[in-house]
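Okay, here's what each chain looks like letter by letter:
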Amino acid sequence: RERSVVIVPSFAIGRTQELLYDIHLLIEKGSIPRIPIFVDSPMANEATLLYASHTEEHDKEMKILLSKGETPLSPDLVRFVRDKNMSKALNTADGPMMIIAGSGMVNGGRVMHHLRCRLSDPTTVVLFTGYQAEGTRGRDLIEGAPTVNIFGEDIEVRAQVEMLNSLSAHGDREEMCRWLGAFGRKPEKIFLVHGEYPVQRNFAKTLTDRFDVPVSIP
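A brief report on the enclosed structure follows. Along each chain, numbering runs from 1 in the same order as the chain's sequence is written. Since the coordinates come from a predicted model, pLDDT governs what is reported: local features require at least 70, and pairs of side-chain atoms require 80 or more to be given and counted, while whole-chain, interface and lining totals use all residues. Think of the side-chain values as coming from all heavy atoms in the structure, minus any hydrogens and water.

Let us look at the sheet that holds strand β3 (residues 78–80). Criterion used throughout: strands pair if DSSP finds at least two bridges between them. Elements are defined by DSSP. Helices are runs of H or I of four residues or more, strands are runs of E of two residues or more, and each kind is numbered from the N terminus. Strand order in this open sheet of six strands is β3-β2-β4-β1-β5-β8, and the pairing throughout is parallel. In this open sheet, the two edge strands, each paired with only one partner strand, are β3 and β8 (160–163). This sheet shows a mean twist of 20 degrees between the axes of neighbouring strands, independent of strand direction. Of the pairings in the sheet, the one linking strand β1 (residues 5–9) to strand β5 (residues 124–128) comprises three bridges and is parallel in character. Opposite valine 6, over in β5, you have valine 125 as the bridge partner. The contact definition used throughout considers only heavy atoms, calling two residues in contact when any of these lie within 4.5 Å. Only C-alpha atoms enter the line fits that serve as axes; for helices the fit covers just the stretch in contact. Angles between N-to-C directions range over 0 to 180 degrees. Seen against the sheet, helix α5 (residues 111–118) touches β1, β2 (37–40), β4 (97–101) and β5 and runs at an angle of roughly 145 degrees to β1.

Looking at the secondary structure, you find asparagine 91 in the loop between α4 (84–90) and β4. A distance of 2.7 Å separates polar atoms of two side chains, one belonging to asparagine 91 and the other to histidine 114. For asparagine 91, the contacting residues outside a window of four places in its chain are His113, His114, Cys117 and Arg118. Distance and chemistry together define a polar contact, namely a pair of N or O atoms within 3.5 Å, with one atom able to donate a hydrogen and the other to accept it when in protein, and with adjacent residues in sequence counting only for side-chain atoms on both sides.

Right, let's talk about the packing of helix α1 (residues 15–29) against helix α3 (residues 60–67) for a bit. Contact geometry for α1 and α3: axes closest at 13 Å, N-to-C directions at 55 degrees. By the criterion of interaxial angle, the relationship of α1 to α3 is oblique. Between α1 and α3 the crossing geometry is left-handed. Side by side, α1 and α3 meet where Tyr21, His24 and Leu25 of the first sit next to Glu61, Met62 and Leu65 of the second. Classification used: nonpolar for Ala, Val, Leu, Ile, Met, Phe, Trp, Tyr, Cys and Pro, charged for Asp, Glu, Lys and Arg, polar for all others including Gly. Of the residues contributing to the contact of α1 with α3, the split by class is four nonpolar, one polar and one charged. What sets the label is the angle itself: under 35 degrees gives roughly parallel, over 145 gives roughly antiparallel, 65 to 115 gives roughly perpendicular, and the rest give oblique. Here is the rule for handedness: rotate from the far helix to the near one, and if that takes an anticlockwise turn smaller than a right angle the crossing is left-handed, while a clockwise turn gives right-handed.

Next up on the list: the pattern of salt bridges. Side-chain pairs of opposite charge can arise whenever the charged atoms involved come near each other. Think of a salt bridge as a Lys or Arg side-chain nitrogen and an Asp or Glu carboxyl oxygen that are within 4 Å of each other. Under the defined criterion, the tally for this structure stands at six salt bridges. In this structure, arginine 15 engages glutamate 18 in a salt bridge whose closest nitrogen and oxygen atoms are separated by 3.8 Å. Residue arginine 15 and its partner glutamate 18 are located together in helix α1, separated by three residues, close to a single helical turn. Looking at arginine 15, the relative accessible area reads 8%, which means it is buried. When a residue's accessible area, from a 1.4 Å probe over protein chains only, is under 20% of the maximum for its type it is buried; when over 50% it is exposed; and in between it is partly exposed. A relative accessible area of 32% means that glutamate 18 is categorised as partly exposed. For arginine 139, the salt bridge goes to glutamate 143, with nearest N and O atoms at 2.8 Å. Note on glutamate 143: relative accessible area 56%, which makes it exposed. Residues joined in a network through salt bridges with shared partners are Arg139, Glu143 and Glu196.

This part takes up the packing of aromatic side chains. Centre distance within 6.5 Å is the pairing criterion for rings of Phe, Tyr and Trp, where only the six-membered ring of Trp is used; planes under 30 degrees apart are then read as stacked, over 60 as edge-to-face, and the remainder as tilted. With the rule as written, the count across this model stands at one aromatic pair. Between tryptophan 179 and phenylalanine 183 the ring centres are 4.8 Å apart and the planes differ by 80 degrees, which places this aromatic pair in the edge-to-face class. Assessed through its relative accessible area of 57%, tryptophan 179 is described here as exposed. Its relative accessible area of 35% is what places phenylalanine 183 among the partly exposed residues.

These figures capture arrangement, not role.
Written out as structure tokens, the structure reads:
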């Protein structure tokens, strides 16, 4: 859509930087149009600077891009929003543009202001790039809630809501079992602290059966 605004609720550390990197590659390949991109998260802004400055942590692909003079964590169309006034100005700005803002599950942060202003606009696209826990606004949106409550106001959802599942930073069941199986001495007890209860319960049984280790789900 020519005038669309894409709002990306994103985790400030790790996910935002991965998004910027992937967006850079897509732009260079001509796979997506060159539109303004605003990173509206003080924590993400600071974290991105750290990612860029610690060159000893960069992988081979990142080093190759940098050697060519490219800046994959801060493409020329990216603007890092520094103050509240600039953030507020985005709410009345015309598209096309992309706004990447925290929090990733829409539990707080500047993304809530952007969604309050644009969720009822059918030209808005809300793109989730990470897991949305049960009970969060993000989960409500991807499950098709007709309204969401933001700052005490019920906002009608007319925007297009999309979910990108390819950016998970977590190992799956077999990857975690392989990691655990490589221990020289198995742990005395395992605590499962991430994920939804039915999945945790099934995974706990898998771990007990395979490794004969007591598993607790706090």
